[in-house]
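Commentary on secondary and tertiary structure
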Amino acid sequence: MPTRTPVENFTHTIDRVLNLVDLYDSLNPARGRPAEEKADMLRGAVVLCAAALDELILSLIVDALPEAARRGLLGEAVTKWVRDDPKAFLKVLATDPGEALRQIARKNLGELTFQRAVAVEGILRDTLGAAAPWRRAAHELSYTGGPSTEENLKGALDRFVERRNRIAHDGDRKPNAAGLR
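All of these numbers come straight from a predicted model, not from anything done at the bench. (Residues numbered from 1 in each chain as written. Predicted model: local features only at pLDDT ≥ 70, side-chain atom pairs only at ≥ 80, totals over all residues. Heavy atoms only, no water.)

**Regarding the side chain of Thr127**
Tracing the sequence through the fold places Thr127 in helix α6 (residues 117–128). A distance of 2.5 Å separates a polar atom in the side chain of Thr127 from the backbone oxygen of Ile123. In this view, Thr127 contacts Ile61, Leu65, Leu73, Leu74, Gly75, Ala77, Val78, Trp81 and Leu109; residues no more than four positions away in its chain are not counted. (Helix = DSSP H or I, 4+ residues; strand = E, 2+ residues; numbered from the N terminus. Polar contact = N/O pair within 3.5 Å; in protein donor to acceptor, adjacent residues only side chain to side chain. Contact = heavy atoms within 4.5 Å.)

**Digging into the environment of Leu157**
Among the structural elements, Leu157 can be located in helix α8 (residues 150–170). Contact partners of Leu157, with chain neighbours within four places excluded, come to Leu53, Gln115, Arg116, Ala117 and Trp134.

**Overview of the packing of helix α1 (residues 6–27) against helix α2 (residues 36–70)**
Viewed as axis vectors pointing N to C, α1 and α2 meet at an angle of 175°, and their least axial separation amounts to 9 Å. Taken together, the axis directions place α1 and α2 in an arrangement best described as roughly antiparallel. Taken together, the residues that form the contact of α1 with α2 break down as 20 nonpolar, three polar and three charged. (Axes fitted to C-alpha atoms, helices over the stretch in contact; angles between N-to-C directions. Parallel < 35°, antiparallel > 145°, perpendicular 65-115°, else oblique. Nonpolar A, V, L, I, M, F, W, Y, C, P; charged D, E, K, R; others polar.)

**So, the environment of Thr3**
Following the sequence through the fold, Thr3 ends up in the segment before α1. The spatial distance from the C-alpha of Thr3 to the C-alpha of Ile167 is 31 Å, given a sequence separation of 164 residues.

**What to know about empty space enclosed by the protein**
Any space left empty among the atoms is revealed by the rolling of a water-sized probe across them. The full count for this structure, using the stated rule, is one cavity of 30 Å³ or more. Along its surface, the largest cavity is lined by Val78, Trp81, Val82, Asp85, Ala88, Phe89, Leu101, Ile104, Lys107 and Asn108. Elements represented by at least two residues in the lining of the largest cavity include exactly α3 (76–84), α4 (86–94) and α5 (97–109). When residues of the lining of the largest cavity are assigned to their parent elements, the largest contribution, four residues, is made by α5. Residues belonging to the lining of the largest cavity are distributed by class as follows: seven nonpolar, one polar and two charged. (1 Å grid on protein atoms, 1.4 Å probe; cavity = no way out; pocket = protein on both sides within 12 Å on 5 of 7 lines; lining within 4 Å. Points joined across faces, edges and corners; volume = space filled by probe spheres on them.)

Now the structure itself:
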């Protein structure tokens, strides 16, 4: 089976998210509050979607690093990786530099998350020396009725991630109550 690109992986995962939403719709055709196990499908879709975004950003950054290195555009985070582990960097010089740089990046970035707007901005700046994507993304989304300004887009992303965090870390429930937060 051929390897998927990061965008193909993201699209595949979003298709799975949409399938969960469709399954929810088919199991819960009536209006009103659904049974908890049915509502959990929607919560799962939110968590899966946030994870897909995180992996997409990580994969795209890791894949862009070799070209950014060739162009001399690497950010301060990469300089820090070299300074913190020069032996790993020297190994890069003796092997396939692009692949080795990707491995170093995954090692250094693999446990971080890139979901909140400020985290996305920071990782783009600190690894690739790249500007934030909000203006272009807001412009593209405005064609679909989505957030049309940079601030609206960043706010929508952060609210989505806050909801994901409530679901994943707090159970999305009010303390000592049956209702949702």
